[in-house]
Amino acid sequence: MAVKAKRVEERVDGNVTYVSLEDVPEPSNVKYFKKQNEKMCTLCTCDVPVEITYRDILILEQFMREDGTVLPKKLTGLCKKQQMHIERCIMQAHWSGLFPDKTRPDFDRAGYKRFNRHWKDDLDIYKLKLKEEPGIWYYIKRYNPKAKEYVPRKKE
Amino acid sequence: MCRMWEAIRAGVKWNLNTRLANATRAVDLKPVKSIKFSLDPFHHDNYGIRTVWFLIRRQKILSTNPDVNIESEIRYDREPPYFTTELNDGRQIVFKTSGMHPADIMMRFNRLCGNPEWGKYGKKPPEKAKEADLKAKGKDKKARK
């Protein structure tokens, strides 16, 4: 069954504007396909061989509004997993400065956050990074503060 | 990081009721001279215009322009509802609301009056909420002076 689309029309007549809801006429060359499985995720079916990262802005822009927000799952038609993947990638792209036209004034860019950040992975935002410097543990193990308390066991 | 996440996900959470509340926050009646609501009470599609009417008659919105003249007209001709506004520029808007959600009506109204479509999103910061509370109770020190 065809979906009837509607559109808000503003007609200006001199000083008066008339606002009303009008039907959008169906195109004459409409082809009716067989009813497929309605829950088809476009990214799962495309089977892209490479993982989508925050650097693929041309793909990510298709799921965004112009002010930088993400479209809801109902409009994008993605499955939950792909939707969250794309939302995380868009957030990473915002933080790495790849959307200069789409920054919003709510964004907190004070202090260390004014610099661009980069990630290896999509789930990297949830991973805590521990800095390992090879010199430190070696130094600590060298000095044993409890050395004086050590009393060797007497051999019987 | 959390605030940016919220700001990005604001587009995902397109809940019409919250959008309606956000649009009513932005309503500013300064460029408006008068509004007239005209509806047939037995028409099936009155929901939009009635919610808009109810929300515009709030004290906060009316206090932006105390000279606004809000009228009503109840008809019995089984025609769809509409409301007309007169702006200070001399423009008139005839808004036929049948089939539209009140959030859409508020957005269009804001846009045609020349105001931003959306108000501020989120709760008041706690300092401002405290001040508003104290003012309401009459314990504001500045008011007494």
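For the structure itself, look to the data block above.
A quick note: this is a predicted structure, and the numbers were derived from the prediction, not measured.

The rules behind these values
- Residues numbered from 1 in each chain as written.
- Chains lettered and ligands numbered in written order.
- Predicted model: local features only at pLDDT ≥ 70, side-chain atom pairs only at ≥ 80, totals over all residues.
- Heavy atoms only, no water.
- Helix = DSSP H or I, 4+ residues; strand = E, 2+ residues; numbered from the N terminus.
- Buried < 20%, exposed > 50% of the residue type's maximum accessible area, 1.4 Å probe, protein only.
- Contact = heavy atoms within 4.5 Å.
- Areas by Shrake-Rupley, 256 points an atom, 1.4 Å probe, with all protein chains shown as cover.
- Pairing = 2+ DSSP bridges.
- Salt bridge = Lys/Arg side-chain N within 4 Å of Asp/Glu carboxyl O.
- Polar contact = N/O pair within 3.5 Å; in protein donor to acceptor, adjacent residues only side chain to side chain.
- Nonpolar A, V, L, I, M, F, W, Y, C, P; charged D, E, K, R; others polar.
- Phe/Tyr/Trp six-rings, centres within 6.5 Å; stacked < 30°, edge-to-face > 60°.
- Patch = residues over 30% accessible without salt bridge, like charges linked within 9 Å, V, L, I, M, F, W, Y side chains within 5 Å.
- Lys, Arg positive; Asp, Glu negative; His and termini not counted.
- Charge placed at Lys NZ, Arg CZ, Asp CG, Glu CD.
- Expected span 1.5 Å × (residues − 1).
- 1 Å grid on protein atoms, 1.4 Å probe; cavity = no way out; pocket = protein on both sides within 12 Å on 5 of 7 lines; lining within 4 Å.
- Points joined across faces, edges and corners; volume = space filled by probe spheres on them.
- Axes fitted to C-alpha atoms, helices over the stretch in contact; angles between N-to-C directions.
- Parallel < 35°, antiparallel > 145°, perpendicular 65-115°, else oblique.
- Left-handed = near helix turned anticlockwise from the far one by under 90°.

This part takes up the overall build of chain A. Summing up its helical and strand segments, chain A has 5 helices and 2 strands in all. Classification of the 156 residues of chain A by burial places 27% in the buried group. Pairs at least 24 residues apart make up 47% of the contacts formed inside chain A by residues separated by at least 6 positions. Of the roughly 13,600 Å² of accessible surface on chain A, a fraction of 55% belongs to carbon and sulfur atoms.

Residues and elements named next belong to chain A. Strand direction decides the pairing type here: strand β1 (residues 6-13) and strand β2 (residues 16-23), joined by 8 bridges, are antiparallel. Within the sheet, the bridge partner assigned to V8 lies in β2 and is L21. If you look at the hairpin formed by β1 and β2, you'll find 2 residues sitting between the two strands, and G14 has a positive phi there, around 75°.

Here the focus is the interface of chain B and chain A. Buried accessible area, meaning the area lost when the parts come together, often serves as the stated size of an interface. Taken residue by residue, the interface counts 22 residues in chain B and 29 residues in chain A. Inspection of the chain B/chain A interface yields 1 salt bridge. Notably, a salt bridge pairs E10(A) with R108(B), separated by 2.3 Å at the nearest N-O pair. Inspection of the region where chain B meets chain A yields 7 residue pairs in polar contact (both at pLDDT 80 or more). Mapped by element, the contributors of at least two residues to the side of chain B that touches chain A are α1 (2-9), β4 (92-96) and α5 (102-113) of chain B. Grouping the amino acids of the side of chain B that touches chain A by side-chain chemistry returns 12 nonpolar, 5 polar and 5 charged. Here 4 bridges tie β2(A) to β4(B), and the two strands are oriented parallel to one another. Bridged to T17(A) within β4(B) is I93(B).

What follows covers the packing of aromatic side chains. Residues and elements named next belong to chain B. All chains considered together, the criterion is met by 5 aromatic pairs over all chains. Geometrically, the ring pair formed by F37 and F83 is tilted, given 5.3 Å between the ring centres and 35° between the ring planes. Linking F37 in strand β1 (residues 32-39) with F83 in strand β3 (residues 82-87), this pair joins segments that are 46 residues apart in sequence. For F37, a relative accessible area of 0% corresponds to the buried category. Relative accessible area serves as the criterion here: at 1%, F83 is assigned to the buried category. When the centroid spacing of 5.1 Å and the interplanar angle of 5° are considered together, the rings of F83 and F95 count as stacked. With F83 in strand β3 and F95 in strand β4, this residue pair connects regions lying 12 residues apart in the sequence.

With that settled, consider a positive patch on the surface. A cluster of like positive charges, contributed by R25(B), R58(B), K60(B), K120(B), K124(B) and K128(B), occupies part of the molecular surface. Within the secondary structure layout, R25(B) lies in helix α2 (residues 16-25).

All names here are of chain B. Taking 1.5 Å per residue, 12 residues should reach 16 Å; helix α6 (residues 126-137) reaches 17 Å between its end C-alpha atoms and fits that length. Burial within α6 is sparse, with just 0 of its 12 residues counted as buried. Residue G138 follows α6 closely and has a positive phi angle near 85°.

With that settled, the discussion passes to the layout of surface pockets. Residue and element names in this part refer to chain B. Looking at the largest pocket, its volume works out to about 1,100 Å³. Looking at the largest pocket, it is lined by 30 residues, and the ones nearest its centre are R25, G119, K120, Y121 and G122. Counting only elements with at least two residues in the lining of the largest pocket, the list comes to α1, α2 and α4 (59-62). Top contributing element to the lining of the largest pocket by residue count: α2, with 4 residues. A per-class count over the lining of the largest pocket returns 9 nonpolar, 7 polar and 14 charged.

Secondary-structure assignment places R108(B) in helix α5. Ignoring anything within four residues of it in the chain, the contact list for R108(B) reads V8(A), E10(A), V19(A), F95(B) and M100(B).

This next bit is on the packing of α2(B) against α5(B). Helix-helix packing: each pair is described by the crossing angle between the helix axes and the interaxial distance. Residues and elements named next belong to chain B. The contact between α2 and α5 brings their axes to 8 Å, and the two run at 30°. With respect to α5, the element α2 is oriented roughly parallel. Crossing angle aside, the handedness with which α2 passes α5 is left-handed. Residues L16, R19, L20, A23 and T24 of α2 form the contact with α5, whose participating residues are P102, A103, M106, M107 and N110. When grouped by side-chain class, the residues that make up the contact of α2 with α5 number 7 nonpolar, 2 polar and 1 charged.

On to the sheet that holds β4(B), then. Read across the sheet, 6 strands follow the order β1(A)-β2(A)-β4(B)-β3(B)-β1(B)-β2(B) without closing on themselves; strand pairing throughout is mixed. Looking at strand neighbours, the two that pair on one side only are β1 of chain A together with β2 (69-74) of chain B, the edges of this open sheet. Here the strands of the sheet are splayed against their neighbours by 15° on average, with no regard to which way each runs. Packing of helix α3 (residues 47-56) of chain B onto the sheet brings it into contact with β1, β2 and β3 of chain B, and relative to β1(B) it is tilted by some 145°.

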